[in-house]
Amino acid sequence: MVNVVHEAVRFDVATAATKGERDYQEDSLIASFPQGQETGFAVLADGMGGHMCGDVASALVMSEVFSQIKMNEMLLGRRITDISSILHMTATAANDRITEYVKERPDSYGMGATLLATVIRGDELYWVSVGDSPLFLYRDGVLTQLNQDHSMAPQIDMMVKVGAMSEEVGRNHPDRNTLTSAIAGHAIAKIDCPDTPKTVREGDIIIAATDGLQFLSNDTIAAILKETHTKRSMDISSALLAALDELADPDQDNTAFTVIKLGASQHVALSGTDDMDGSALFQRHDATSRKAPVLEAVATNPDPARNAAAVQDPIDIPKKRVIRLVTSQTLDFQQTEAPEVTGAPVSPSKPQGNTSWYRRRTSND
């Protein structure tokens, strides 16, 4: 007997990547949005650590997170499953994978990566992010960054906003790309993984990207989406890549991104038995489900200590995001009061605790 009707969002998805002006590619990405399902996910990682380290780090993080989500794919569609807990665990699993790799190969010490993983289930968007890879939502002509930026950029932008630093100095500040959190094999300083999903709807465009895309200002990205939002995701991706090429910036970083368009919905009938556990999965897929016992247990026991802090609206200042060798430092950063404005760039105050920062060198070695 059928007594439930559910709407499954149709996905139009395209992925793109470019090496930019770098000698090698350190970004990794993958997406899975099976036709006919209401659930899909995308994962990307931006590697740090230089040649033979950054690319390996991003591949390890991306593949570990992807495999963990894939093994729990059938759980994602069940309304009783805490997707945010699964995503939070994948970040920890990826961090453990980096720890193991560095332990086996000590010469790779210092390697790491950012992480951005998104899951869309019906009209719900979940994510986990560590680092500064942005997650954008374009809706009704407005571009919004949904996730937190774990770099010094937000602090620098705030100093510009309160008049402690000029806009030009803030735009080109050498500490803009200093990460305050990364997947690097030790305690993760910050994980952005909200318990409450973002509600999405037909017509939304979601972009999960590495920070190389932010060589384009938010205004430029929004203008491109305004012109192309009625086209295919493939066309949107091509337009974004063309805009990066037109910049001809000699410091252009690796860029990777996934464009997800949410199109018309289709009605999917669910049987009455599915009502018992709130399942939103298609019946025909139940027989092939694969479950990872560890993550399934975590899914029913959410971590209350997870940080789900609200994201502050960033100032739309064009940013040069140059990614290179990462070195781990123990510094302080508690902003006390705004420093006096001088002609030289002003560095935000250092913290008073044991927070790890990750400096991205601007050379191309």
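Everything that follows concerns the structure shown earlier in this document.
Presented here is a report on the structure given in the accompanying data block. (Residues numbered from 1 in each chain as written. Predicted model: local features only at pLDDT ≥ 70, side-chain atom pairs only at ≥ 80, totals over all residues. Heavy atoms only, no water.)

Re the overall build of the chain
Each helix and strand counted, the chain has eight helices and 13 strands in total. By the burial criterion, 54% of the 365 residues in the chain qualify as buried. For the chain, long-range pairs separated by at least 24 residues make up 77% of all intrachain contacts whose partners lie at least 6 apart in sequence. Looking at the chain as shown, the accessible area adds up to about 15900 Å², and 51% of this sits on carbon and sulfur atoms. (Helix = DSSP H or I, 4+ residues; strand = E, 2+ residues; numbered from the N terminus. Buried < 20%, exposed > 50% of the residue type's maximum accessible area, 1.4 Å probe, protein only. Contact = heavy atoms within 4.5 Å. Areas by Shrake-Rupley, 256 points an atom, 1.4 Å probe, with all protein chains shown as cover.)

Remarks on helix α6 (residues 218-228)
Residues separated by three or four positions in an α-helix point in the same direction, a consequence of the helix having 3.6 residues per turn. Within α6 the residues assigned to the buried category are Asn-218, Ile-221, Ala-222, Ile-224, Leu-225 and Thr-228. For α6, the arc enclosing every buried residue in end-on projection is 160 degrees, short of the 170-degree limit, so these residues lie on one face. Within α6, the exposed residues directed more than 90 degrees away from the buried face are Asp-219, Lys-226 and Glu-227. For α6, the secondary structure elements touched by its buried residues are β7 (135-139), β8 (142-145), β10 (205-209) and α7 (233-247). (Arc of directions from axis to C-beta.)

Brief notes about the nonpolar core
Judged by nonpolar contacts, the single largest core of 33 residues is most densely connected at Val-61, Leu-87, Met-111 and Leu-115. Setting aside anything within four residues of it in sequence, one finds Val-61 in contact with Ala-45, Ala-94, Ile-98, Ala-113, Thr-114, Leu-115 and Ile-183. By size, the runner-up hydrophobic cluster in this structure holds 20 residues, among which are Ala-16, Phe-136, Ala-243 and Phe-257. (Core = buried A, V, L, I, M, F, W, Y, C linked by side-chain atoms within 4.5 Å.)

Side note on the side chain of Thr-90
Within the fold, Thr-90 resides in helix α3 (residues 83-104). The class for Thr-90 is buried, based on a relative accessible area of 0%. Apart from residues lying up to four places away in sequence, Thr-90 is in contact with Val-65, Gln-68, Ile-69 and Val-128.

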